[in-house]
Amino acid sequence: MDVSKEPVSTELDIDNLENDMQHVNNPVVGLEPIVKKYLSAVTNYVQEGNSFYFSDTQAKVEIRVISDEIIRVRLAPQSVFLDEFSYGVEPADHKVTVFRLEDMPDSYRVETNLVACIVRKSDFTVSFEDIQGKVINEDLKPMHWEENADFGGYYVYATKKCQPNEAFYGLGDKSSDLNLRGSRFVNWNTDAYSFGKGQQPLYRTIPFYMGVTDGTSYGIFFDNTFKSHFDFAQEDSDKISFWADGGEMQYYYIHGPHMMDVVKSYHKLTGTHQMPPKWALGFHQCRWSYFPERKVKDIARNFRERKIPCDAIYLDIDYMDGYRCFTWNRKYFPDPAKMIKELSDDGFKTVVIIDPGIRVDENYSVFKEGKQNNYFCRRCDDYFMEGHVWPGRCQFPDFTNPKVRTWWGGLFKELVDAGVAGVWNDMNEPAVFGAGTFPDDVRHNYDGFHGSHRKAHNVYGMQMVRATYEGLKRLQKNKRPFTITRAGYSGVQRYASVWTGDNVASWEHLKIGIVQLQRLSMSGLSFCGTDIGGFSGEPDAELFARWIQMGVFSPFMRAHSAGDTAEREPWSFGSEFEAINRKFIELRYRLMPYIYSVFWEHHKHNFPILRPLVMQEQANLHTHSIQDLFTFGDKILVAPVSDPGAVTKQVYMPAGKWYNYWTHDLLEGGQEHTAEAPIDSMPIFVKAGSVIPESPLMQYVGEFEIDELMFQIYYSDYEANSFYFEDHDDTFAFEQDIYLEKKYVVKGDTASMTITQSVEGLFTPRYETYDLKIIGLPFTPAKVYIDGKEYVGDLGFDELKRVRIKSHKNFKRIEIIA
């Protein structure tokens, strides 16, 4: 064909050619800029089981009913959800009694027997109401997202309305005031040496908070492991926001109406601490570092000779050969097994530190095994992730790989065989000298769901201590492992205890620690403590003594200090303060049956161990700002002294009646009292009606078999319940009901008092009798009947205004009559 003779046809071909060239070589016309995008009007929904999927044609939102109290919300910007997987949420059968969807003119209403989730059709905002129709939590704007051009995926955002008097609590490891309102936070696990008040981020990521408004509480658990952010009415007083640098907008709304209900439901989602071996609740002594062997033995000898109770001594990094994990420095510790046995014979457990960095050394078996099996983290172009920590140049196991976790757990065999009783995982944020942490492009297996370090960073420490816990559980057979971790994510409580990291020897840090422990406890991490006395810096005698006093009521009680500080044992500040420190450590051991029972209440029944006063009286605005008082369990009110030179302390007592632990004076709650607080004392109060089990003084847990159990029983003119738990102390036999859970009911009037006991479980203790100390009787007892039989012992008051009664351990009812 001669195209020159057909100009029209030629022109058309050129047009088509230009169109083709535009599509091939030029930018695509109509490409939208990257901006935040918001959900728009709802167009349809479908139901699949207990999940309801709502769509605006582009994006999709899942509203899933988890239980009567919990509803999950997920956003898929392009209507495709990520794979269903979470390190934070523990697989469990949650109870949903009834749920339904109601299609109303302006909204959809997903309802259980306790809570309703409302999706407004016009703008896709989500709100939550109680069953009476009271709005508890609602979106200020629809959920939104922004494409991440560098990494793929999306930044994801939620913005909620903030009520005028709303207060916020939780979020785990923060050094701010207890009430989070007015602050903004970032979650990115960080080695925060000598952190200050309000400094962030810190060591752990716990993206769970509670809101309290008009006497009603709810919780939000933002289950997203990427770097996350929370703004509690800082930017705008009428809104709170939470967002993440990747992953899904996925959160659980947890209905109250009480904070205790919220925390218990959060525990049902993420789990509780495993029941610890009882010795782990004793006093622990640590330093960076105790070496050589004769120094460790000298520390142990001093505790026993000075009659200061102690259960554990820690070995920091200097026990290793060149800081290589799972090795011993034979110059300092020529025969570790012999030393550990000698310590054990004297009642001490040995706890050793293990870090994640594995030294690059072809003559080091751990490195060789990890390298041969491809267990170490790699970067995006397949280079090994390397960084410098204590051993020098190191590579790092990928603990998000289940094969690596199994391998890692097996590496503890030689330590366990040598007698090591517990393991302390440190530096697992992960920390890297100079760089801070791993680069973003490091790849992780993520249990087969694969991701970069942006996704895995906040769970790295959690998965390390998971590997440690599971390995110890296999190796120690039926013994309960004891582990402690510095870094973690929501759910890490299933594998470890925690401490607040490298604090400072200052009064400010004692105050910060009091708040941190309450916040950790109400955020799922009840087995928590501080470095008593401060890790860095030099405490004076008064500060150390006040810290020991607070430490008695820290679920995890450990003194720890840096190697460039003066030695810091309970006897390091002279005989006067040694006596004070001894007195309070002894108090810890006398209260051990109560402390152990509170741990069971946490593990089995989902209660937090430390409870801020706002949890006692959330409708009382006065308690929203109280952060220097807390209860240990629900029976003992603790008022740590955190000001130098203080000899009194103002103590607000929750409603009810409270006894001074030391004097047994009765005080009315619902008001503030001035409590005496000389240096050798600390204000402690016990709720009326409480039954507090106590132990004879021991120098370590299980030093001897008791032949009689003691109870302090406090009179009340209203009915009060208490309970006591006991078992084998360090095995898993309780899982086969080999335990005793004893319930006590106390009730009195002006002329009588009754105590009833009921028992469940199959454990049989060796003791046969109780020593019951009845405190606060408003009348002089004339007769006592135990299970209908008149008691013939002395009914006089002792010097502490107590009546002492001996009874058999199996009594059912005791009546005390004027």
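Because the structure is a prediction, the values reported are computed rather than measured. (Residues numbered from 1 in each chain as written. Predicted model: local features only at pLDDT ≥ 70, side-chain atom pairs only at ≥ 80, totals over all residues. Heavy atoms only, no water.)

Okay, the overall build of the protein next. Of the regular secondary structure elements, the protein holds 13 helices and 52 strands. A principal-axis box enclosing the C-alpha atoms of the protein has dimensions of 130 × 70 × 50 Å. Out of the 818 residues belonging to the protein, those deemed buried represent 60%. Long-range contacts, defined here as pairs at least 24 residues apart, represent 68% of the contacts in the protein between residues at least 6 apart. Carbon and sulfur atoms provide 49% of the accessible area of the protein, an area that totals close to 30,900 Å². Averaging the locations of the 89 positively and 115 negatively charged side chains of the protein gives two centres separated by 5 Å. (Helix = DSSP H or I, 4+ residues; strand = E, 2+ residues; numbered from the N terminus. Buried < 20%, exposed > 50% of the residue type's maximum accessible area, 1.4 Å probe, protein only. Contact = heavy atoms within 4.5 Å. Areas by Shrake-Rupley, 256 points an atom, 1.4 Å probe, with all protein chains shown as cover. Lys, Arg positive; Asp, Glu negative; His and termini not counted. Charge placed at Lys NZ, Arg CZ, Asp CG, Glu CD.)

Once that is clear, we can look at the environment of Asn-721. Position of Asn-721 relative to the elements: it lies in strand E45 (residues 720-726). C-alpha separation for the pair Asn-721 and Lys-747, spaced 26 residues apart in sequence, amounts to 9.1 Å. When neighbours within four sequence positions are excluded, Asn-721 is seen to be in contact with Lys-635, Lys-743, Tyr-744 and Val-745.

It is worth spelling out the packing of helix H6 (residues 402-410) against helix H8 (residues 453-475) at this point. Across the interface, H6 lies against H8 with an axial gap of 7 Å and an inter-helix angle of 55°. By the angle between their axes, H6 is oblique relative to H8. The chirality of how H6 crosses H8 is right-handed. Residues Arg-405, Thr-406, Trp-408, Gly-409 and Gly-410 of H6 lie in contact with H8, whose contacting residues are Gln-463, Met-464, Arg-466, Ala-467, Thr-468, Gly-471, Arg-474 and Leu-475. Residues of the contact of H6 with H8, tallied by class, amount to 4 nonpolar, 6 polar and 3 charged. (Axes fitted to C-alpha atoms, helices over the stretch in contact; angles between N-to-C directions. Parallel < 35°, antiparallel > 145°, perpendicular 65-115°, else oblique. Left-handed = near helix turned anticlockwise from the far one by under 90°. Nonpolar A, V, L, I, M, F, W, Y, C, P; charged D, E, K, R; others polar.)

The next subject is the pattern of salt bridges. Tallied over the entire structure, the rule returns 61 salt bridges. Close ionic contact of Arg-109 with Glu-129 constitutes a salt bridge, the shortest N to O distance being 2.8 Å. Of this pair, Arg-109 sits in strand E7 (residues 107-112) while Glu-129 sits in strand E9 (residues 126-130); the two residues are 20 residues apart in sequence, bridging distant segments of the chain. Take Glu-129: its relative accessible area is 14%, and that puts it in the buried class. One salt bridge in this structure joins Arg-766 and Glu-705, with 4.0 Å as the shortest N-O distance. Of this pair, Arg-766 sits in the loop between strand E47 (752-760) and strand E48 (769-775) while Glu-705 sits in the loop between strand E43 (691-694) and strand E44 (708-714), and the two are 61 residues apart along the sequence. Here Arg-766 and Glu-705 have matching classes, each one exposed. Put simply, Glu-62, Arg-64, Arg-72, Arg-74, Glu-84 and Glu-248 are held in one network by salt bridges that share partners. (Salt bridge = Lys/Arg side-chain N within 4 Å of Asp/Glu carboxyl O.)

Before going further, it helps to spend a moment on the side chain of Ser-690. Positionally, Ser-690 belongs in the loop between strand E42 (684-687) and E43. Among the polar contacts listed, one links the side chain of Ser-690 to the backbone oxygen of Lys-687, at a separation of 2.6 Å. Apart from residues no more than four positions distant in its own chain, Ser-690 is found in contact with Lys-635, Gln-712, Ile-713, Tyr-714 and Ser-722. (Polar contact = N/O pair within 3.5 Å; in protein donor to acceptor, adjacent residues only side chain to side chain.)

Ordered in space as E32-E31-E29-E26-E22-E21-E20-E34-E33, the 9 strands form an open sheet in which the pairing is parallel. Each edge of the sheet is formed by a strand with only one pairing partner; in this case those strands are strand E32 (528-529) and strand E33 (531-532). By the bridge criterion, 3 bridges tie strand E20 (residues 283-285) to strand E34 (residues 557-559) in an arrangement that is parallel. Within the sheet, the bridge partner assigned to Gln-285 lies in E34 and is Ala-559. (Pairing = 2+ DSSP bridges.)

So, on to the sheet that holds strand E25 (residues 392-395). In sheet architecture, strand pairing relies on hydrogen bonds along the backbone and comes in two forms, parallel and antiparallel. The strand order E23-E25-E24 describes an open sheet built from 3 strands, whose pairing is antiparallel. Taken across any chain shown, the strands that pair with only one partner, and hence form the sheet edges, are strand E23 (358-359) and strand E24 (386-389).

We now examine the pairing of strand E19 (residues 249-255). Summarising burial for E19: 7 of the 7 residues are buried, a large majority. Every second residue of E19 is oriented toward a common face, with Met-249, Tyr-251, Tyr-253 and His-255 on one face and Gln-250, Tyr-252 and Ile-254 on the other, all of them buried. Pairing of strand E5 (residues 70-76) with E19 involves 6 bridges; the strand directions are antiparallel. Bridge assignment links Leu-75 to a residue of E19, and that residue is Met-249.

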